[in-house]
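Here's the letter readout for the chains.
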Amino acid sequence: RRKIYILALAIFGLGSLWVALSHNFSSLLIGRAVQGFGASGIFPVASALVGDIYPPEKRGQILGIIGAVFGLAFLLGPFIAGILLKFYSWNVLFTINIPISIILIYYSSKLIPSVPSKRIQSIDWMGIMMLGVCLATLTYGLNTLSGISAVFNWENTLTVSPFIVAFVSFIFLVRIEKRAEFPIVELSFFQNRQIVIAGLLAISTGVMQACFVFIPKFVVESFSVASSTASFMLTPFVLATAFGSPIFGKMIDRIGVKIVVIIGLLLSSSGFFLLSISGAEKMIYYTSGVFIGLGMSVLSGSSLRYIMLNNTSQQDRATSQGMLTIFISLGQLIATALIGVISATLIASRGYTSIFMATAILLVVMVFLAFGLKNQAENAGA
């Protein structure tokens with residue numbers, strides 16, 4: 001795992017350098033693709049290492065700490081960017097990743113244990129290619145929708161073709177993975193109800209994260225403030241995430257993941273509901289920020305990765321964490337495209353209100369789904 005982790009960090013750092021040196025949109029996109037390719041290996045390997053090093057009774061706490069760092073980074077991004085953009089060009093934002101990557105590579109080579117796998121695995125190239133085609137065409141199809149009317153305009157060949165390709169490639173992906181010796185998508189995972197629930201919760205988490213990206217714009221339009229001020233107004237989200245992640249991680253170890261996930265979903269749904277009715281009331285907005293931040297500290301942090309670690313073997317830990325990342329990304333790309341469709345069709349304020357309310361309803365539905373999770377004692381024997 002050490003070699004893969006260092007390789008992922010190096011690719012991410014090179015991608016960041018590429019973006020920082022970019023001067024046109026095409027070069028920016030290529031650099032971002034390289035960044036994404038590297039980033040895709042960082043979190044799954046880190047989470048798998050937790051399963052290798054720590055026993056089940058301590059995993060929640062450690063994953064909670066990792067979740068706090070991840071949540072802070074996710075929420076601090078717009079916060080820091082708002083400050084830097086007042087003094088520098090956008091390229092500077094990506095230079096921050098370069099020294100961080102170098103430092104992490106150095107300490108990873110010193111501290112991370114490297115135990116070679118006892119079984120030699122072939123790479124599922126066909127599965128990787130088909131998964132890429134499926135996700136790429138789905139992303140392209142969603143992003144070509146120009147409004148709500150376009151969603152129902154299935155007579156337009158340009159509108160429907162990407163979705164047909166995505167569906168066909170998905171069918172081929174399933175057939176390929178059934179025959180693959182070491183599949184990139186382990187279909188046997190879906191026979192485990194806990195993993196299926198975790199996957200659906202991960203998609204909902206991706207939707208929630210996509211909505212968060214639009215909150216600064218919502219703040220600018222609702223409170224008539226500058227973009228830099230809107231970044232500072234994200235402080236309740238950031239502090240709540242930093243405060244909640246280690247606490248909820250410890251709670252998972254003590255009372256089980258089921259109750260903690262339900263608490264996180266209820267907090268998140270309450271936060272998005274308050275956000276949808278906040279209007280120009282700052283107190284309601286800040287309260288919603290605390291609830292959403294606490295909820296994200298559960299769902300984006302320790303809980304889902306804890307479920308995957310406790311329901312897969314040591315050999316499949318990295319694969320399961322990678323699949324969880326795919327589920328979260330799927331929720332992000334679907335939600336981002338649909339938010340774009342809604343905001344392009346409705347008046348901005350009404351569009352955001354509808355988006356936040358729909359997210360709150362989705363998270364309430366997920367509460368009922370979360371009742372199907374196992375309790376702590378049941379998970380320990382999984």
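Use the structure listed above.
Residues numbered from 1 in each chain as written. Predicted model: local features only at pLDDT ≥ 70, side-chain atom pairs only at ≥ 80, totals over all residues. Heavy atoms only, no water.

### Examining the layout of surface pockets
Estimates place the volume of the second largest pocket at around 430 Å³. Contributing to the lining of the second largest pocket are 18 residues, with Leu131, Phe170, Leu173, Phe327 and Leu330 lying nearest its centre. Contributing elements (two or more residues each) for the lining of the second largest pocket: helix 7 (125–144), helix 9 (157–179) and helix 16 (317–345). The biggest single contributor to the lining of the second largest pocket is helix 9, with six residues. For the lining of the second largest pocket, the per-class residue count stands at 18 nonpolar, no polar and no charged. (1 Å grid on protein atoms, 1.4 Å probe; cavity = no way out; pocket = protein on both sides within 12 Å on 5 of 7 lines; lining within 4 Å. Points joined across faces, edges and corners; volume = space filled by probe spheres on them. Helix = DSSP H or I, 4+ residues; strand = E, 2+ residues; numbered from the N terminus. Nonpolar A, V, L, I, M, F, W, Y, C, P; charged D, E, K, R; others polar.)

### Quick look at the nonpolar core
Within the largest apolar cluster, 66 residues are counted, with the highest numbers of intra-cluster contacts made by Ile215, Val219, Leu265, Phe272, Tyr285 and Phe356. Once residues lying within four places of it in the same chain are set aside, the contact partners of Val219 are Ser224, Val225, Ala230, Met233 and Tyr285. Grouped together as the second largest cluster of nonpolar side chains are nine residues, Tyr5, Ile42, Val45 and Ile112 included. (Core = buried A, V, L, I, M, F, W, Y, C linked by side-chain atoms within 4.5 Å. Buried < 20%, exposed > 50% of the residue type's maximum accessible area, 1.4 Å probe, protein only. Contact = heavy atoms within 4.5 Å.)

### Focus: the packing of aromatic side chains
Scanning all chains against the criterion turns up ten aromatic pairs. Here the aromatic rings of Phe190 and Phe327 are separated by 6.2 Å at their centres, their planes lie at 80 degrees, and the arrangement is edge-to-face. Note that Phe190 is positioned in the loop between helix 9 and helix 10 (193–213) and Phe327 in helix 16, a separation of 137 residues in sequence. The class of Phe190 is partly exposed, set by a relative accessible area of 36%. Clustering of aromatic rings is evident, with ring pairs tying together Phe212, Phe223, Phe237, Tyr285 and Tyr286. (Phe/Tyr/Trp six-rings, centres within 6.5 Å; stacked < 30°, edge-to-face > 60°.)

### Observations regarding helix 13 (residues 235–255)
Since there are 3.6 residues in each turn of an α-helix, residues three or four apart along the chain are aligned in direction. Its 21 residues give helix 13 an end-to-end C-alpha distance of 29 Å, which sits within 8% of 30 Å, the value for a rise of 1.5 Å per residue. Of all bends in helix 13, the biggest is about 30 degrees, found at Gly244, and the proline Pro246 comes one to four residues later. Within helix 13, burial applies to Pro236, Phe237, Val238, Ala240, Thr241, Gly244, Ser245, Phe248, Gly249, Ile252 and Asp253. In the segment just after helix 13, Gly256 is the residue with positive phi, at about 100 degrees. (Expected span 1.5 Å × (residues − 1). Bend = angle between axes of the 7 residues up to and from the residue.)

### Quick notes on the side chain of Thr359
Take Thr359: it is sitting in helix 17 (residues 348–370). Residues in contact with Thr359, not counting those within four places in the same chain, are Val207, Met208, Cys211 and Phe272.

Treat this as a map of the structure, not an account of what it does.
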